[in-house]
Amino acid sequence: MMLQDLKPYLAVIFLQFGNAGLVIIAKAALNHGMNHYTFAVYRNLVATLVIAPFALFFERKGRPKLTFSIFIKIMLLGLLEPVIDQNLYYAGMQYTTATFAIAMCNIIPAMTFIMAWICRLEKVNIKKVHSMGKIVGTLVTVGGAMIMTVVVGPTIGLPWSKGSTTAHNQQSTPPVSAGDNIKGSMMIIAGCLSWSCFYIVQALTLKSYPAELSLTALICAAGTLQGSIVTIIAERGNNAAWRLQWDAGLVTIVYGGVICSGLGYYLSGIVMKEKGPVFVTAFNPLSMVIVAILGSIVLSEQMNLGRVLGAVVIVVGLYLVIWGKSKDESHSNSKFDPDEIPPVNQQIPMTISIKKLGNEDHDHSLSIAMPPTNETFNKINGK
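In this report, the structure presented in the accompanying data block is examined. (Residues numbered from 1 in each chain as written. Predicted model: local features only at pLDDT ≥ 70, side-chain atom pairs only at ≥ 80, totals over all residues. Heavy atoms only, no water.)

Describing the overall build of the chain
Secondary structure summary: the chain contains 14 helices and four strands in total. Looking at the chain as a whole, 45% of its 383 residues qualify as buried. Considering only intrachain contacts with a sequence separation of at least 6, the fraction spanning at least 24 residues in the chain is 84%. If you sum the accessible surface of the chain, you get close to 20,400 Å²; carbon and sulfur atoms cover 67% of it. (Helix = DSSP H or I, 4+ residues; strand = E, 2+ residues; numbered from the N terminus. Buried < 20%, exposed > 50% of the residue type's maximum accessible area, 1.4 Å probe, protein only. Contact = heavy atoms within 4.5 Å. Areas by Shrake-Rupley, 256 points an atom, 1.4 Å probe, with all protein chains shown as cover.)

Here it is in structure tokens:
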């Protein structure tokens, strides 16, 4: 039972490790000339080829019918994240830095929370403490990510990063011009908005098409098709952009396709059906913590006080969100909420008829007032 409860948390943590790794290797590949248009196309093509066989085998029975409405939603999903977000995000990363790009992604939880609230995918009652915990927790995680980005502070000497200051300074990224920084920021923000919309549409689509593997394969296929059209238009006459080589670009394509697109869409869909889109995106700031830790160990980057302080704030914010979500689930699983029992004048009269065995002429009826079910109560209040 404990393992079953931990599965959603392990899944979203795995997603953040995957996204953090992709950001690091994608930046290196972009610096070596990888084209972000063809990267998005090949990445989704790899994801389609990997996921489609599993979808055909494991969901060959019981797969919902693909209606026109679901088809439109799938095409929209294939446009939002595989095409718009991926192209804008990695184009913006070319104008800025990997650290800045992943920091900007921390606005996704706030965007998703607001849209989920509007679409009624997230229960929010500002009179409830646990609902306020979700709101405050989301804001705290975003604030912690901003602290990691803005606040520097003194360097914290770690045993595995000592003596690397000089080498790190020599390999630091050249400064980004103000114009490129603004241009890249706008692209990344637009990409994050598209990504948040993707999560909302995915949650809505899963309600009418609850086949995660098939939906993932169809999204990636739609993204491959639409991305190819966009790339042909954007890179017309540049046939070299489609050329694949045995370099960091190929590793990025395979890694991004299998881990971040294939498994990413599939796992987020499974968790989303149980926990909702806000739960999935609430863990996005964790990728900054992962990048900071792995960067200090693998790349011997210096750890400063701002990063440590921001990481602590992010953990506190995530705890508040998880606590609020757990309270939501406990309330939804309970039969009655004491705060929602209506007054006596709104209770439903119920008549119990008692008949003497073998004699239907003797009918004694007893009328009592019973609290309505939650569904009946919602009808009474016009919900």
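Some remarks on the packing of aromatic side chains
Counted under the stated rule, the structure contains 12 aromatic pairs. Note on Tyr89 and Tyr90: the rings are 5.1 Å apart at their centroids and 85 degrees apart in plane angle, and the pair reads as edge-to-face. By the burial criterion, Tyr89 is buried, and Tyr90 matches it. Here the aromatic rings of Trp195 and Tyr199 are separated by 6.1 Å at their centres, their planes lie at 15 degrees, and the arrangement is stacked. (Phe/Tyr/Trp six-rings, centres within 6.5 Å; stacked < 30°, edge-to-face > 60°.)

Regarding the packing of helix H1 (residues 2-31) against helix H10 (residues 248-275)
Close contact between H1 and H10 brings their axes to 9 Å; oriented N to C, the two are set at 155 degrees. Relative to H10, the element H1 is oriented roughly antiparallel. Considering how the two elements wind past one another, H1 and H10 form a crossing that is left-handed. Classifying every residue of the contact of H1 with H10 gives 18 nonpolar, eight polar and two charged. (Axes fitted to C-alpha atoms, helices over the stretch in contact; angles between N-to-C directions. Parallel < 35°, antiparallel > 145°, perpendicular 65-115°, else oblique. Left-handed = near helix turned anticlockwise from the far one by under 90°. Nonpolar A, V, L, I, M, F, W, Y, C, P; charged D, E, K, R; others polar.)

What to know about helix H3 (residues 68-95)
Between the first and last C-alpha of H3 there are 39 Å, a value that for 28 residues agrees with the 40 Å anticipated at 1.5 Å per step. At Asp85, H3 shows its largest kink, close to 35 degrees. (Expected span 1.5 Å × (residues − 1). Bend = angle between axes of the 7 residues up to and from the residue.)

Focus: a nonpolar patch on the surface
On the surface, a cluster of nonpolar side chains totalling about 430 Å² of accessible area is made up of Met2, Leu3, Leu6 and Leu10. Among the structural elements, Leu6 can be located in helix H1. By relative accessible area, which is 38% here, Leu6 ends up partly exposed. (Patch = residues over 30% accessible without salt bridge, like charges linked within 9 Å, V, L, I, M, F, W, Y side chains within 5 Å. Salt bridge = Lys/Arg side-chain N within 4 Å of Asp/Glu carboxyl O.)

Re the nonpolar core
Of all hydrophobic cores here, the largest spans 69 residues; its most connected members are Tyr89, Tyr90, Met93, Phe198, Leu215 and Phe283. In contact with Phe283, not counting residues within four places along its chain, are Tyr9, Val12, Ile13, Gln16, Leu318 and Ile322. (Core = buried A, V, L, I, M, F, W, Y, C linked by side-chain atoms within 4.5 Å.)

Topic: the side chain of Asn87
Residue placement: Asn87 occurs in helix H3. At 2.8 Å, the side chain of Asn87 forms a polar contact with the backbone oxygen of Val83. Residue contacts for Asn87: discarding those within four places in its chain leaves His36, Tyr37 and Ala40. (Polar contact = N/O pair within 3.5 Å; in protein donor to acceptor, adjacent residues only side chain to side chain.)

Brief notes about unusual backbone geometry
We note that Arg120 has phi near 60 degrees; this positive angle belongs to a residue other than glycine. Structurally, the position occupied by Arg120 is in the loop between helix H5 (108-118) and helix H6 (129-150).

Focus: the packing of helix H9 (residues 212-234) against H10
Closest axis-to-axis distance for the H9/H10 pair is 9 Å, and the angle between their directions is 135 degrees. On the basis of the axis angle, H9 is oblique to H10. Classified by chirality, the crossing of H10 by H9 is right-handed. The residues of H10 that touch H9, namely those facing Glu212, Leu213, Thr216, Ile219 and Cys220, are Ser261, Gly262, Tyr265, Tyr266, Gly269, Ile270 and Lys273. Of the residues that constitute the contact of H9 with H10, the class distribution is six nonpolar, four polar and two charged.

Section: the pattern of salt bridges
Applying the stated rule across the entire model yields one salt bridge. In this structure, the salt-bridge partner of Glu212 is Lys273, at a minimum N-O distance of 3.0 Å. Pair noted here: Glu212 is in helix H9 and Lys273 is in helix H10, with a separation of 61 residues, a long-range link. The partly exposed category is assigned to Lys273, whose relative accessible area is 45%.

Observations regarding H5
Those residues of H5 lying buried are Ile108, Pro109, Met111, Thr112, Phe113, Met115 and Ala116. Backbone geometry just after H5 places Arg120 at a positive phi near 60 degrees.

These values are about where atoms sit, not about what they do.
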